[in-house]
Each structure stands twice: as C-alpha cells, then as structure tokens.
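So the chains spell out like this:
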Amino acid sequence: MASEGADGDKKGTSNGGAHGSGDTVSAAEAAKAAGPGRGESVRVDSWIWSVRLVKTRSMGATACRGGHVRVNGERVKPAYAVRVGDEVRLRHDGRERVVVVKRVIRKRVGAPVAVECYVDNSPPPPPREAVAPAGIRDRGAGRPTKRDRRDLERLRGLAAGTPGFSGASGTSGSSGSSGSSVQERGHGGSGSGSGSRS
C-alpha cells in the first residue's frame with residue numbers, strides 16, 4: 001500500500017514537471033492545431049478574429065465590407081484568402097493596425113499564441129489627451145448654461161446644419177414677430193375654446 005502511494009507520488013511529480021516545461025510546447029501545438037488542413041485556405045475575416053485583432057468574426061467581416069481591411073495595399077472582401085507574408089492593415093476603434101502574417105490559423109487562440117502568428121508593425125497609439133472627446137464637463141459643474149450650450153454646438157458643428165437654429169438666433173426680426181403671433185393665436189384659440197366650453 002505504501003509503495004503504491006509512493007509510485008503515485010512519483011507519477012504525480014513527473015507529470016507536474018512535464019506540465020511546467022510543456023507550456024511553450026502546448027502553445028506551439030495549439031497554433032498547429034488551429035492551422036488549416038491540407039488544401040484549405042483561411043479567410044481574412046476569420047484570420048483577424050483568430051489572432052485577436054477584432055473581438056468577433058462578424059466585426060471582422062463588417063470591417064472588410066466597410067473597406068477598413070487592406071491586404072498588400074488592396075481593399076479585400078471577407079472571403080479573401082490570407083497567405084504567409086501578406087501585410088494586413090486594419091482600421092478599428094480609431095487605430096490602425098499593420099501586421100505581417102507569420103502563421104495562418106483558422107481557430108481563435110490565446111493571446112500569447114496569437115502574438116506569435118504575426119509581426120506587428122503598427123504605429124504607436126495616439127495619447128489619450130489627443131483622442132479625448134470634445135464637450136466633456138467637469139464633474140459637479142452642473143447643467144450647462146445657454147452660452148455653454150451654444151459654444152458646444154458651435155464646437156461640434158451643429159449650429160450650421162440644424163434648421164431650428166436660424167430662427168432661434170434672432171437674426172431676422174420678421175421671423176421672431178411671426179413666431180410670437182403664432183403663439184398669441186395659439187393662446188387665443190385655446191382661451192376661446194375654454195371659454196366656449198363653460
């Protein structure tokens with residue numbers, strides 16, 4: 001009984017040692033297992049999803065249809081077959097990724113394995129200050145005043161394209177007077193209607 005327990009311990013330690021040294025081996029095996037079979041090609045939308053450049057395969061297909069994926073400088077459809085050595089450019093989430101295909105895989109793998117499947121030549125991401133959206137107010141500043149709102153709309157470019165802004169700005173006196181006459185008529189009509197009811 002004691003010898004069996006000792007053998008079991010020896011087996012356990014030998015397996016544990018093999019597992020520790022096999023992490024890199026298992027990563028390589030995972031990449032090989034994720035590769036295509038003989039005679040099979042890998043679609044570009046599937047490849048950019050497999051190497052974790054996009055979160056879902058449908059996002060990869062949408063990026064291809066929108067013209068945001070280029071292979072060797074040409075816009076490609078989602079079914080374009082990727083080969084080793086191709087340069088893939090992807091514009092996603094406000095950033096451009098430039099990668100060179102080292103290994104073609106068709107199944108999604110973990111991040112350490114995915115990094116081994118391409119050479120990343122992407123430019124560095126812009127600093128956070130450069131991509132901060134305009135019009136963010138400080139916490140606790142309260143609601144914006146009318147002046148703040150106009151400044152925000154001017155900054156966003158809404159004032160020129162919105163039809164209601166020409167009358168609201170008060171550039172012509174006739175539009176302001178016609179608006180007030182319409183309001184008076186509306187009040188008079190509702191007043192006369194309420195008077196006729198009683």
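In short, a report on the structure.

## Observations regarding the sheet that holds strand β7 (residues 118–120)
Move 1: Strand order in the open sheet formed by five strands is β3-β2-β5-β6-β7, with antiparallel pairing between adjacent strands. Strand pairing shows two members of the sheet lacking a second neighbour, β3 (74–75) and β7, which therefore form its edges.
Move 2: Pairing of strand β2 (residues 69–71) with β3 involves two bridges; the strand directions are antiparallel. In the strand pairing of β3, Arg-70 is matched with Arg-75.

## Notes on the side chain of Ser-122
Move 1: Checked against the element boundaries, Ser-122 lands in the loop between β7 and α6 (146–156).
Move 2: For Ser-122, a relative accessible area of 18% puts it in the buried group.
Move 3: At a separation of 2.9 Å, a polar atom in the side chain of Ser-122 contacts the main-chain amide nitrogen of Val-98.
Move 4: Here Asp-120 takes part through its side chain, which lies 2.5 Å from a polar atom of the side chain of Ser-122.
Move 5: Not counting chain neighbours up to four residues away, the residues in contact with Ser-122 comprise Arg-95, Glu-96, Arg-97 and Val-98.

## A word on the pattern of salt bridges
Move 1: For the structure shown, the criterion picks out seven salt bridges.
Move 2: A salt bridge links Arg-97 to Asp-120; its shortest N-O distance comes to 3.1 Å. Here Arg-97 is found in strand β6 (residues 95–101), whereas its partner Asp-120 is found in strand β7, with 23 residues between them in sequence.
Move 3: Note that Arg-149 and Glu-153 form a salt bridge whose closest N and O atoms lie 3.3 Å from each other. Highlighted residues: Arg-149 and Glu-153, both in helix α6, separated by four residues, approximately one helical turn.
Move 4: Classification of Arg-149 as partly exposed rests on a relative accessible area of 35%.

## Quick look at unusual backbone geometry
Move 1: Its identity as a non-glycine residue notwithstanding, Arg-52 has a phi of 65 degrees, on the positive side.
Move 2: Mapped onto the fold, Arg-52 is located in the loop between α3 (44–50) and α4 (57–65).
Move 3: Although it is not a glycine, Asp-93 sits at a positive phi angle of roughly 55 degrees.
Move 4: Structurally, Asp-93 can be placed in the loop between β5 (87–92) and β6.
Move 5: Judged by its relative accessible area of 70%, Asp-93 falls in the exposed class.

Calculation notes
Residues numbered from 1 in each chain as written. Predicted model: local features only at pLDDT ≥ 70, side-chain atom pairs only at ≥ 80, totals over all residues. Heavy atoms only, no water. Pairing = 2+ DSSP bridges. Helix = DSSP H or I, 4+ residues; strand = E, 2+ residues; numbered from the N terminus. Buried < 20%, exposed > 50% of the residue type's maximum accessible area, 1.4 Å probe, protein only. Polar contact = N/O pair within 3.5 Å; in protein donor to acceptor, adjacent residues only side chain to side chain. Contact = heavy atoms within 4.5 Å. Salt bridge = Lys/Arg side-chain N within 4 Å of Asp/Glu carboxyl O.

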